Amino acid sequence: MSNASEAFDAHAADYDKWFESPAGSAIFASEVGAIRLLMAKLEHPFLEIGVGTGRFAKELAIDAGIDPSEQALAFARKRGVEARKATGETIPFADASFGAVFVLFTLCFVEAPEKVLSEAARVLKPGGCALVGIINRESAWGSLYMQKKAEGHPIYRHARFYNTAGLSAMLKTAGLHVEGYSSSLIQPPSDNPNREEAHSGLSKEAGFICIRARKVSEGTNTKE
């Protein structure tokens, strides 16, 4: 088990409870809004890699999820998510099983992000899409979370944060063609954040960025 998985096992209840705080509720709603902007014409079934406590899976009607933290999975199952204990590097599903795969805030906690994206591509049906959400390390929110990491936060001290250029390169290597972005959390960090309307497209100052990338079939010609 990774250090991040152990941290989520130890702090699953506190992590889940944060979403019910005023700040957590506003941030969650802002991020969900951005994800929804990229969900048009996705076909079920959906899989979430790193389903955690199942907050996003329930809100976005995701069918199944995997996570290495048994304590987090207990919350997800109570929310009606079909959840299995597994890592994103070794997804326990057959090739071409899902119409869409969600990877939300997960890459920063995995040991091999390139392998996770490769596995996401493997289990996608031809033409299916991955939706990958990150805290943008080049934003004010990214700076805040990197400060939390430096200060030894029990969960975020295990995180590595990415920018869109680096993530786009990893997606391309995995055979996933970027076809859209959405953005939220453009407001600066504060103790009392407001719920934001999400924006289509890439806002470089946004704290949360979601990328939609389609599985590229062999012989398909794509343009960046």
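1. Focus on the environment of Val 132
With respect to the element layout, Val 132 can be found in strand E5 (residues 124-135). Sequence separation of Val 132 and Ala 213 is 81 residues, and the distance between their C-alpha atoms is 8.1 Å. Contact partners of Val 132, with chain neighbours within four places excluded, come to Val 103, Leu 107, Leu 117, Leu 167, Leu 171, Ile 209, Cys 210 and Ile 211.

2. Some points on the nonpolar core
Formed by 40 residues in total, the largest nonpolar core has its most connected members in Ile 35, Phe 56, Leu 60, Phe 102 and Leu 131. Among the elements that take part in this core, helix H2 (residues 22-36) stands out by supplying five residues, more than any other. Not counting residues up to four positions away in its chain, the partners in contact with Leu 131 are Ile 35, Leu 38, Met 39, Leu 42, Val 101, Phe 102, Val 103, Leu 104, Cys 210, Ile 211 and Arg 212. With 32 residues, the next largest nonpolar core counts Ile 66, Val 116, Ala 174 and Ala 206 among its residues.

3. Brief notes about empty space enclosed by the protein
Within the structure shown, the criterion is met by one cavity of 30 Å³ or more. There is about 50 Å³ of room inside the largest cavity. Every residue lining the largest cavity is listed: Phe 105, Thr 106, Leu 107, Cys 108, Gly 133, Ile 134, Ile 135, Phe 161 and Tyr 162. Looking at the lining of the largest cavity, its residues break down into seven nonpolar, two polar and no charged.

4. A short note on the pairing of strand E4 (residues 98-104)
Of all seven residues making up E4, seven are buried, and the element is well covered by its neighbours. In the sheet, strand E1 (residues 46-49) pairs with E4 via three bridges, with the strands oriented parallel. The residue of E4 that forms the bridge with Glu 48 is Phe 102. Traced from E4 through helix H5 (residues 113-123) to E5, the parallel crossover comes out right-handed.

5. Some words on the pairing of E1
Burial along E1 is two-sided: the residues Phe 46 and Glu 48 and Leu 47 and Ile 49 are all buried. Direction of pairing for E1 relative to strand E2 (residues 64-67): parallel, over a ladder of three bridges. Counterpart to Leu 47 in the pairing with E2 is Ala 64.

6. Some points on the confidence of the model for the protein
On average, the protein scores 94 in pLDDT, and the residues at 70 or more come to 96%. Every residue in residues 219-224 is under pLDDT 50, and counting partners more than four places away or in other chains gives five contacts.

7. Focus on unusual backbone geometry
Cis rather than trans, the peptide bond between His 44 and Pro 45 has omega equal to 5°. Looking at the element boundaries, Pro 45 is found in the loop between H2 and E1. Phi angles above zero are rare outside glycine, and Phe 105 is one such case at about 60°. Relative to the helices and strands, Phe 105 resides in the loop between E4 and H5.

8. With respect to helix H7 (residues 164-173)
For an α-helix, the turn length of 3.6 residues means that residues three or four places apart are oriented alike. Looking only at H7, the buried set comprises Thr 164, Leu 167, Ser 168, Met 170 and Leu 171. For H7, the angular spread of buried residues about the axis comes to 160°, placing them on one side. Seen from the buried face of H7, the exposed residues on the opposite side, beyond 90 degrees, are Ala 165, Lys 172 and Thr 173. Those residues of H7 that are buried are in contact with H5, E5, strand E6 (176-184) and strand E8 (208-215). Once H7 finishes, Gly 175 follows within two positions and takes phi at roughly 85°, a positive value.

Cut-off values and rules
Residues numbered from 1 in each chain as written. Predicted model: local features only at pLDDT ≥ 70, side-chain atom pairs only at ≥ 80, totals over all residues. Heavy atoms only, no water. Helix = DSSP H or I, 4+ residues; strand = E, 2+ residues; numbered from the N terminus. Contact = heavy atoms within 4.5 Å. Core = buried A, V, L, I, M, F, W, Y, C linked by side-chain atoms within 4.5 Å. Buried < 20%, exposed > 50% of the residue type's maximum accessible area, 1.4 Å probe, protein only. 1 Å grid on protein atoms, 1.4 Å probe; cavity = no way out; pocket = protein on both sides within 12 Å on 5 of 7 lines; lining within 4 Å. Points joined across faces, edges and corners; volume = space filled by probe spheres on them. Nonpolar A, V, L, I, M, F, W, Y, C, P; charged D, E, K, R; others polar. Pairing = 2+ DSSP bridges. Right-handed = clockwise from strand over helix to strand, strands pointing away. pLDDT = per-residue confidence, 0-100. Arc of directions from axis to C-beta.

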